[in-house]
Amino acid sequence: MWVMRQAGRYLPEYRAVREKAGSFLKLCYNPELACEVTLQPLRRYDFDAAILFSDILVVPQAMGLALDFKEGEGPILQTVSSSTDVAKLRSSGSFTEFEKVWETVGLAKSQLDADTTLIGFCGAPWTVVSYMIEGGSSDRKRALAVAMEQPSWYGALIDKVVECSIVYLLGQIRAGAETVQIFDSWAGDLPPVWLQRLVVEPVKRIVDGVRAVHTNFPIIVFARGVGEQHASIAGGTSANAIGVEEDCKLSDVLPTLPSSVAVQGNLAPGLLLGDRDGLRRGVAAVLNGVPMGRHIFNLGHGITPQVNPEMVSELVKAVRDFDSGHL
Ligand code: CP3
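Because the structure is a prediction, the values reported are computed rather than measured. (Residues numbered from 1 in each chain as written. Predicted model: local features only at pLDDT ≥ 70, side-chain atom pairs only at ≥ 80, totals over all residues. Heavy atoms only, no water.)

Q: I'd love a proper account of helix 11 (residues 230–237), names of residues and values included.
A: Buried within helix 11 are the following residues: His-230, Ile-233, Ala-234 and Thr-237. The buried residues of helix 11 occupy an angular sector of 95 degrees when projected down its axis, which confines them to one face. Tucked into the core, helix 11 has its buried residues touching helix 10 (192–213), strand 6 (219–223), strand 7 (241–243) and helix 12 (250–253). Ser-238, located one to two residues past helix 11, shows a positive phi value of around 50 degrees. (Buried < 20%, exposed > 50% of the residue type's maximum accessible area, 1.4 Å probe, protein only. Helix = DSSP H or I, 4+ residues; strand = E, 2+ residues; numbered from the N terminus. Arc of directions from axis to C-beta. Contact = heavy atoms within 4.5 Å.)

Q: Explain the packing of helix 7 (residues 125–134) against helix 9 (residues 152–175) to me, using residue names and the numbers behind them.
A: When two helices pack together, their arrangement is given by the angle between the helix axes and the distance between those axes. Between helix 7 and helix 9, whose axes approach to 10 Å, the crossing angle comes to 120 degrees. Considered as vectors, helix 7 and helix 9 are oriented oblique to each other. Handedness of the crossing formed by helix 7 with helix 9: right-handed. When helix 7 is examined against helix 9, the residues Pro-125, Trp-126, Val-128, Val-129, Met-132 and Ile-133 are found in contact with a partner set consisting of Trp-153, Tyr-154, Leu-157, Ile-158, Val-161 and Val-162. Residue classes in the contact of helix 7 with helix 9 are distributed as twelve nonpolar, no polar and no charged. (Axes fitted to C-alpha atoms, helices over the stretch in contact; angles between N-to-C directions. Parallel < 35°, antiparallel > 145°, perpendicular 65-115°, else oblique. Left-handed = near helix turned anticlockwise from the far one by under 90°. Nonpolar A, V, L, I, M, F, W, Y, C, P; charged D, E, K, R; others polar.)

Q: A description of the sheet that holds strand 1 (residues 49–51) should follow, citing residues and the corresponding values.
A: Within the open sheet, the seven strands sit side by side as 1-4-5-6-7-8-9. Their pairing is parallel. Both outer strands of the open sheet, strand 1 and strand 9 (295–299), are each paired with one neighbouring strand and no more. Here the average twist between neighbouring strands, direction ignored, is 25 degrees. Sheet analysis places strand 7 next to strand 8 (residues 262–267), joined by three bridges and oriented parallel. Note on strand 8: the bridge partner recorded for Ile-242 is Val-263. (Pairing = 2+ DSSP bridges.)

Q: If you had to explain the packing of helix 13 (residues 276–288) against helix 14 (residues 309–323) to someone new, which residues and values would you point to?
A: Two elements in contact, helix 13 and helix 14, have axes separated by 9 Å at closest approach and are oriented at 40 degrees. One finds that helix 13 runs oblique with respect to helix 14. The chirality of how helix 13 crosses helix 14 is right-handed. Residue-level inspection shows Arg-276, Leu-279, Arg-280, Val-283, Ala-284, Leu-287 and Asn-288 of helix 13 in contact with helix 14, the latter providing Met-311, Glu-314, Leu-315, Lys-317, Ala-318, Val-319, Asp-321 and Phe-322. In the contact of helix 13 with helix 14, the residues fall into nine nonpolar, one polar and five charged.

Q: An account of the site of the ligand is requested, with residue identities and associated values reported.
A: If you check the shell around the ligand, you find 23 residues, and the closest are Arg-5, Arg-9, Tyr-14, Arg-18 and Ser-185. The separation between an oxygen atom of the ligand and a polar main-chain atom of Gln-6 is 3.2 Å. Asp-55 places a side-chain nitrogen or oxygen 2.7 Å from a nitrogen atom of the ligand. Protein contact buries 88% of the 870 Å² of open area that the ligand shows by itself. Breaking the shell around the ligand down by element, the ones donating at least two residues are helix 1 (12–21) and strand 3 (74–77). Of the residues assigned to the shell around the ligand, the class counts are 13 nonpolar, six polar and four charged. (Near = heavy atom within 4 Å. Polar contact = N/O pair within 3.5 Å; in protein donor to acceptor, adjacent residues only side chain to side chain. Areas by Shrake-Rupley, 256 points an atom, 1.4 Å probe, with all protein chains shown as cover.)

Q: Residue-level account of unusual backbone geometry, with values.
A: Each neighbour pair has its own omega, and for Gly-265 with Asn-266 the value is -20 degrees, a cis peptide bond. Note that Asn-266 resides in strand 8. A positive phi angle, near 60 degrees, is found at Asn-216, a position not held by glycine. By the element assignment, Asn-216 lies in the loop between helix 10 and strand 6. Judged by its relative accessible area of 64%, Asn-216 is exposed.

Q: Describe the packing of aromatic side chains, and please don't skip the residues or the numbers.
A: Counted according to the given criterion, the structure contains eight aromatic pairs. Each ring, one from Phe-121 and one from Phe-183, has its centre 5.6 Å from the other, and the planes form 85 degrees; the classification is edge-to-face. Residue Phe-121 is found in strand 4 (residues 117–123), and its partner Phe-183 is found in strand 5 (residues 179–184); the two are separated by 62 residues along the sequence. Of the two residues examined, Phe-121 and Phe-183, each falls in the buried class. (Phe/Tyr/Trp six-rings, centres within 6.5 Å; stacked < 30°, edge-to-face > 60°.)

Structure, rendered in structure tokens:
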């Protein structure tokens, strides 16, 4: 069990460290402080895993695009809109930004006990490239149009993002990450006929790049919002586990997957804003739908800043109570 965005603004100790770092990005590139916030949720909660504190937009920034996070506005990223822009992007050599993140992984690994899994991550090409084309969290209409019209630079851009993501993940694994999650947060925007080209193929290239160095390395793919298409994502990417959004039933998804593949998810994050009984009922509903041996408990999406940290204690308690037959 772990929770997406478990290190984040709902925790007062996170807000204090971010304040000390000066900004979200300064925190990402400060290994000591980033390690501290990676470990914070483990001090409070009986989670089974820590996720590296960083961001998926570290990759485009390392490739040379200016990045800023404005308070309350989310990311603002320099955009790419031509083959000249793509040609300027770095995709090899050494990346200072990555080095800092890898150092965080190494520090976190050295401080975690052996039973706690350290999870690394990157964004999937579709999601990352949508930020590079749009410049922030928008409706992805422009990115969709570019993908559809397929100008020659779209393929070249994907190739570079794939290449850098492999470097980024291999460095995290070298530094101690024991599994990695590939986040395709915007996969659900795409019509199913496009998933193969825009999601499955580029993610599979990252999976293959990682496993070319670390055979059978365990990988979680979270193509958020693809609903009935989770089976084709699992088959096409050869992921070991598939993240599932909250509006899908795990008991519907699981039988469509190869028997060696697990599901991850998928409690609605909104239940953490309600009362304890509703939360416990929600947890029981998730856990009743799926055998423990093929399930990683998580939310269906990231935890929101408004959540009371006490409710996360209740969440962990509910999951552990279910395990011991008390829910
Ligand atoms: O899960 C974790 O605890 C690990 C750290 C992590 C962050 N971002 C920290 C973060 C991870 C795994 C991510 C992934 C990420 N980043 C995704 C994919 C997952 C998803 O949420 O769909 C995406 C799309 C991003 C890009 C991004 N980063 C956005 C759109 C935002 C702004 C939205 C927001 O929540 O404010 C961020 C900022 C961000 N990344 C924060 C954190 C803790 C909040 C920054 C802050 O402290 O102000």
